[in-house]
Every structure is written in structure tokens, then in C-alpha cells.
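Structural characterization, general
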Amino acid sequence: YMRGTVTAFSPFDARADAEALRKAMKGMGTDEETVLKILTSRNNAQRQEIAAAFKTLFGRDLVDDLKSELTGKFETLMVSLMRPTYIFDAHALKHAIKGAGTNEKVLTEILASRTPAEVRNIKQVYLQEYEANLEDKITGETSGYFQRLLVVLLQANRDPDGRVDEGLVEQDAQVLFRAGELKWGTDEEKFITILGTRSVSHLRRVFDKYMTISGFQIEETIDRETSGDLEKLLLAVVKCIRSVPAYFAETLYYSMKGAGTDDDTLIRVMVSRSEIDLLDIRQEFRKNFAKSLHQMIQKDTSGDYRKALLLLCGGDDE
């Protein structure tokens, strides 16, 4: 059951697409329109077939050609679309922890939002592709409770959804209340264990019960009781437990709100969710921000980059 805006194109002809792309990039100047139309309307599996056909027909690497013919954010977007789905998250994490400074925002976004099965897959792919252990890499670049919660999430051992035990719901809600609002200082470990390991349906009930007991939303408590990277990660986990599409709608909104655009985040989310739940993200966006995702992209971006993003977005939700 997929709620993506990008689906398999039919009738699909990898060779014809490869030929059209070669023609678009050959000689003087590039026909960007053709490039963006083809790449945004084929799904990732089809893009991989196009790349294979491109190499077969012309002995050239499609991604290398895109990199040499395109520039800026548009180039980044097209190259991101060409990255095989299975490696997308592993690549983003590798990039976030290499060299000077760690991009905590990327670690937070990916590890808070992916399912346990997806996290296990990311770890496996990371090991295969980069011959390194993802957990070791992340612990080497992070510290404190932020690091500990990342490690908990990397274990990918969240309880599977099942029957919810109201007694345990009450207990967890009380533990969180005592660990935060009722305590001078905060027992971060309790937040990490409960938010990192309990099932999604259990935690949704815990959040309701917490509100009843304390009079606060759990987000308000986290906001008051924690700070920095840990606070951002805890909030992301809570939001994803409540609704992954709502979390991404908010992520997209803040990537464009105010002065300047966080294009890396905009590209990463639009590409990574385009075949999964971008329709749901659009719906949440419309509901929560009094404008459509389409309208905001339209206003906030320009040129071929905008054209491609709008095609990925799919439609306007008036």
C-alpha cells in the first residue's frame, strides 16, 4: 500500500528514455526540460534501468553526464533521483557523519522516521557499501544522551504493534511524568528507553494518558525539560510515533519557511518520500499550514529546480 506521487511509468522503454536523455545532453547546451520530465516521471527502479541502457548504448555513465551538464540545486536533485532506493538513506547518513562536523539534523530525520525493518536494512547496506559499521561511525561522532537515543533507535528493536495493555500505558505515562515534570532536573534515560523501545500503538495511548495525568502534551514537557540535539531527536521520535506524514509535512514546511531555503532537506525529503507517502504528506501539509506544499514550493524555488520539484509533488491541494 503505497501513497507516493511517483509510480511506475507505463508503457516504459528504457532504451528510448536513454536515447532521449543522451540527445538532451549532447553537444552545445542542455535540454533540461527533457531531463527533468523523464527523471521525475519514472520510478527509481525504472531510472536504474535507464542508467543501465544508457551505459549499454553509449558507453557513458548517466550520473556522470548529469553532473557535468547540470549545475546547482537542480543537479543535486537529479543526481539524488538517480541514487538507488536501497542505498539512499545509507548514503545520506554517510554524508552526514563524514569530515568536519556532523549533520545531526540528517541523523535525527532518518533514524526517527524509519521503521525498524528499514533501519536494519540501512545498517546492512552501510556495511556492504562502505565496509564500516554504522553504529560505530555514529557513536564516534556523537555524545551524551543524544548518542544514547540514536544507539537505541539503531538497535531497531521497537516492540511490534499488538494488543495495548492499559495498565502498562498508565505505568509508562506515570514514569515519564515523574522523570520530567515532577523531578528537579530530568531523568533522560527514562524518556530514551520508553520512547525508543515501546510499540507505536502503545506510545500513542501513553501520550494521551500523559496529557490526562499532567495537563501537558508530551512535546511541551520535552521542550521544557531537554535541550539541544537530544530535544530535537526526542521531538522527532514523538512526532513520528504520532504520524510520519505529519512529521515530514512539518519538516518540509520549515525547510522553506522564513528567509532562505534548506534545499538539502527539501531535496532529501521530496526524493525519499516520493514513492512512499508524499500524497499523505501533502494532505497533512494542507491541513496544518493553511497552504499547499505545491504553493509553497512554487513560491520558494525557481527555474528547472522548481519545475522538477513541482512534478515530484504531483499536484496542488487547493
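Before reading further, recall that the structure is shown in the block above.
The structure reproduced in this document is the subject of the present report.

Calculation criteria
- Residues numbered from 1 in each chain as written.
- Predicted model: local features only at pLDDT ≥ 70, side-chain atom pairs only at ≥ 80, totals over all residues.
- Heavy atoms only, no water.
- Helix = DSSP H or I, 4+ residues; strand = E, 2+ residues; numbered from the N terminus.
- Rg over C-alpha atoms; globule rule 2.2 N^0.38 Å.
- Contact = heavy atoms within 4.5 Å.
- Areas by Shrake-Rupley, 256 points an atom, 1.4 Å probe, with all protein chains shown as cover.
- Lys, Arg positive; Asp, Glu negative; His and termini not counted.
- Charge placed at Lys NZ, Arg CZ, Asp CG, Glu CD.
- 1 Å grid on protein atoms, 1.4 Å probe; cavity = no way out; pocket = protein on both sides within 12 Å on 5 of 7 lines; lining within 4 Å.
- Points joined across faces, edges and corners; volume = space filled by probe spheres on them.
- Nonpolar A, V, L, I, M, F, W, Y, C, P; charged D, E, K, R; others polar.
- Buried < 20%, exposed > 50% of the residue type's maximum accessible area, 1.4 Å probe, protein only.
- Salt bridge = Lys/Arg side-chain N within 4 Å of Asp/Glu carboxyl O.
- Polar contact = N/O pair within 3.5 Å; in protein donor to acceptor, adjacent residues only side chain to side chain.

Time to look at the overall build of the protein. Within the protein one finds 20 helices and zero strands. For the protein, whose C-alpha radius of gyration is 21 Å, the value lies close to the compact-globule estimate of 20 Å for 318 residues. Overall, the C-alpha framework of the protein stretches about 70 × 45 × 40 Å when taken along its three principal axes. Counting contacts in the protein only where the partners sit at least 6 residues apart, residues at least 24 apart contribute 71% of the total. Surface exposure of the protein reaches about 15100 Å², of which carbon and sulfur atoms provide 48%. One way to put it: in the protein the 44 positive side-chain charges average out to a point 1 Å from where the 51 negative ones average out.

Quick look at the layout of surface pockets now. Size it by volume and the largest pocket reaches roughly 940 Å³. Looking at the largest pocket, it is lined by 45 residues, and the ones nearest its centre are S113, R114, T115, E118 and R273. The class makeup of the residues in the lining of the largest pocket is 21 nonpolar, 10 polar and 14 charged.

A few words now on the environment of Y126. If you trace the backbone, Y126 turns up in helix α8 (residues 116-130). The class of Y126 is buried, set by a relative accessible area of 2%. In this structure, the C-alpha to C-alpha distance between Y126 and H91, residues 35 residues apart in sequence, is 7.8 Å. Apart from the residues lying within four places of it in its own chain, the contact partners of Y126 are A90, L93, K94, I97, E131, A132, N133, L134 and K137.

A few words on the pattern of salt bridges. Pairs can form between side chains of opposite charge whenever their charged atoms are close. Going through the model one piece at a time under the given rule, you end up with 22 salt bridges. One salt bridge connects D262 with K105, and the closest N-O pair in it is separated by 2.8 Å. Of the two residues, D262 is situated in the loop between α16 (244-256) and α17 (263-273) and K105 in helix α7 (residues 104-113); the sequence distance between them amounts to 157 residues. We classify D262 as partly exposed; its relative accessible area is 23%.

This part takes up the environment of E219. Relative to the helices and strands, E219 resides in helix α14 (residues 218-225). Along the backbone, E219 and R47 are 172 residues apart, and their C-alpha atoms lie at a distance of 40 Å. Excluding its chain neighbours within four sequence positions, the residues that come into contact with E219 are L235, V238 and R242. Looking at E219, its side chain comes within polar contact range of the side chain of R242, at 2.7 Å.

Moving on to unusual backbone geometry. Between S10 and P11 the backbone carries a cis peptide bond, its omega angle lying at 0 degrees. Not every positive phi belongs to a glycine, and A156 is a case in point at roughly 55 degrees. Here A156 falls in the buried class, since its relative accessible area comes to 6%. The residue A290 is not glycine, and still its phi comes out positive at about 55 degrees. By the element assignment, A290 lies in the loop between α18 (278-289) and α19 (293-300).

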